[in-house]
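# Observations on chain architecture
If you want the building blocks of each chain, they are given just below.
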Amino acid sequence: MKVRKAIIPAAGFGTRFLPATKAQPKEMIVVIDKPLIQYTVEEIVGAGIRRIAVITSRGKTALEDHFDRSPELESFLEEKGKIELLEEVRTIAGLAELSFIRQPDMLGLGHAILMGESFAAGEPVAALTPDDIYDCAVSCTRQLTDAFEEFGATVVALGRVDEEGTRKYGIIKVKKKISERVFELADMEEKPGPEKAFSDLAILGRYVFPPEIFAAIKATPPDSRGEIQITDAIRVLLDRQPVYGVLFEGKRYDCGHKLGFLEGTISLALKHPEFGEPIRKIIRSLLR
Ligand code: G1P
């Protein structure tokens with residue numbers, strides 16, 4: 001079944017990025033010249049998906065405004081003859097078909113994805129956390145939807161992590177290695193820590209789900225903090241159908257925390273056609 005829809009859970013407080021996120025959604029934090037959420041939307045569009053539901057909460061209206069038309073700004077840019085900027089601003093509003101769904105209480109990533117059930121309306125959906133920028137030759141979401149179309153079952157993006165990563169991510173147990181990059185999963189555990197980790201393969205914030213995920217989320221009990229974890233819901237699904245993982249090809253920057261944001265900003269600036277050379281010079285002179 002073709003994947004035509006995607007969900008972006010964007011309701012969280014962004015506590016890892018305070019004080020920047022006190023009065024501004026963390027998804028609007030800018031890397032080079034675009035907010036994080038625009039990178040996510042562009043990745044989704046790169047997988048041929050145009051229908052996107054963003055799960056938001058109070059204080060996140062900037063997300064809606066960013067993807068809306070801006071007639072005053074557009075006429076101002078037109079009058080001033082700033083045609084390139086005008087085109088860029090207009091393109092954002094036409095990137096995709098976005099809907100916004102409010103999550104009244106923040107009850108975990110699983111619960112946030114459940115808010116998109118009626119949007120999915122019985123179709124498979126991709127789900128992407130907007131904290132990360134994936135810098136890939138082929139959109140990371142496309143790498144997952146290709147696998148989903150082959151297997152017809154849940155696909156998660158995987159990455160290798162160190163000990164510290166086992167405390168930050170869901171960790172998987174492999175049932176079968178299908179190819180160099182594709183695995184069938186036997187089990188998974190949310191943030192197990194190094195002693196209990198099944199492997200060094202972590203579930204990153206990219207998923208493609210069949211419609212059955214929503215029943216699985218509803219059947220998932222909340223964790224000790226009262227949150228419904230998507231990892232636990234995938235585990236419920238695993239009793240009923242296979243789940244696959246794809247070691248994605250490319251680079252991921254976890255920009256939802258300060259050091260990852262700095263790494264992402266510097267790395268992407270170094271690759272940027274306009275800023276690459278000057279930033280290299282600046283860094284060299286600072287290190288001298
Ligand atoms: C969530 C998931 C976790 C996954 C991570 C990827 O955790 O629950 O399984 O590894 O995203 O970023 P969070 O970062 O919301 O705590």
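Here, the structure is the one placed above.
Residues numbered from 1 in each chain as written. Predicted model: local features only at pLDDT ≥ 70, side-chain atom pairs only at ≥ 80, totals over all residues. Heavy atoms only, no water.

## Structural notes on the pattern of salt bridges
Cut-off, in case you're wondering: Between Lys or Arg on one side and Asp or Glu on the other, a salt bridge is scored when a side-chain nitrogen of the former is within 4 Å of a carboxyl oxygen of the latter. Strands are runs of DSSP state E lasting at least two residues, helices are runs of H or I lasting at least four, and both sets are numbered from the N terminus onward. Think of it in three bands: with a 1.4 Å probe and only protein chains considered, a residue is buried below 20% of the maximum accessible area for its type, exposed above 50%, and partly exposed in between.
Tallying each qualifying case throughout the model produces 27 salt bridges. Its salt-bridge partner being D131, residue K26 comes within 3.2 Å of it at the nearest N-O pair. Of this pair, K26 sits in the loop between β1 (5-9) and β2 (30-31) while D131 sits in the loop between β6 (125-128) and β7 (132-135); the two residues are 105 residues apart in sequence, bridging distant segments of the chain. Each member of the pair, K26 as well as D131, is classed as buried. Of the charged contacts, one joins R90 and E78 as a salt bridge, the two residues approaching to 3.9 Å between their closest N and O atoms. Placement of the pair is R90 in helix α4 (residues 83-94) and E78 in helix α3 (residues 71-79), with a sequence separation of twelve residues.

## Let's talk about a nonpolar patch on the surface
The following threshold applies: Here a patch means residues that are over 30% exposed by relative accessible area and free of salt bridges, tied together within 9 Å if like-charged and within 5 Å if nonpolar (Val, Leu, Ile, Met, Phe, Trp, Tyr). Shrake-Rupley sampling with a 1.4 Å probe provides the accessible areas, and residues are treated as covered by the protein chains on show and by no other component.
Among the surface-exposed residues, L259, L262 and I266 lie close enough to one another that they form a single nonpolar patch of about 300 Å² accessible area. Relative to the elements of secondary structure, L259 occurs in helix α11 (residues 258-271).

## Quick notes on the site of the ligand
Here is the rule we go by: In this text, near means that some heavy atom of the residue lies within 4 Å of the molecule or strand in question. Definition of a polar contact: a pair of N or O atoms within 3.5 Å, with one able to donate and the other able to accept a hydrogen when the atoms are protein atoms, and with sequence-neighbouring residues admitted only if both atoms are side-chain atoms. Under the scheme applied, nonpolar residues are Ala, Val, Leu, Ile, Met, Phe, Trp, Tyr, Cys and Pro; charged residues are Asp, Glu, Lys and Arg; polar residues are all the others, including Gly.
Lining the immediate surroundings of the ligand are L109, Y169, G170, E190, K191, I203, L204, G205, Y207, Q229, T231 and R252. The separation between an oxygen atom of the ligand and a polar side-chain atom of K191 is 2.7 Å. In the model, an oxygen atom of the ligand is placed 3.0 Å from a nitrogen or oxygen of the T231 side chain. Notes on the ligand: free accessible area 380 Å², of which the protein chains cover 77%. The dominant element in the shell around the ligand, judged by the number of residues it contributes, is strand β11 (residues 201-209), at four residues. Class assignment for the residues of the shell around the ligand results in five nonpolar, four polar and three charged.

## A few points about the environment of I49
The test is simple: The criterion used for residue contact is that any of the two residues' heavy atoms lie within 4.5 Å.
Mapped onto the secondary structure, I49 falls in the loop between α1 (36-45) and β4 (51-56). Taking relative accessible area as the criterion, I49 reaches 0% and is therefore assigned buried. In this structure, the C-alpha to C-alpha distance between I49 and K218, residues 169 residues apart in sequence, is 26 Å. Among residues more than four places away in sequence, those in contact with I49 are V3, R4, K5, A6, I44, A126, T141 and T145.

## Some thoughts on the state of the cysteines
In plain terms, the rule: By disulfide we mean two sulfur atoms from cysteines, separated by a distance within 2.5 Å.
Summed over all chains, the structure comprises zero disulfides. Free of any disulfide, C255 has its nearest neighbouring cysteine sulfur in C136, separated by 13 Å.

The values reported here are purely geometric and, on their own, carry no functional implication.
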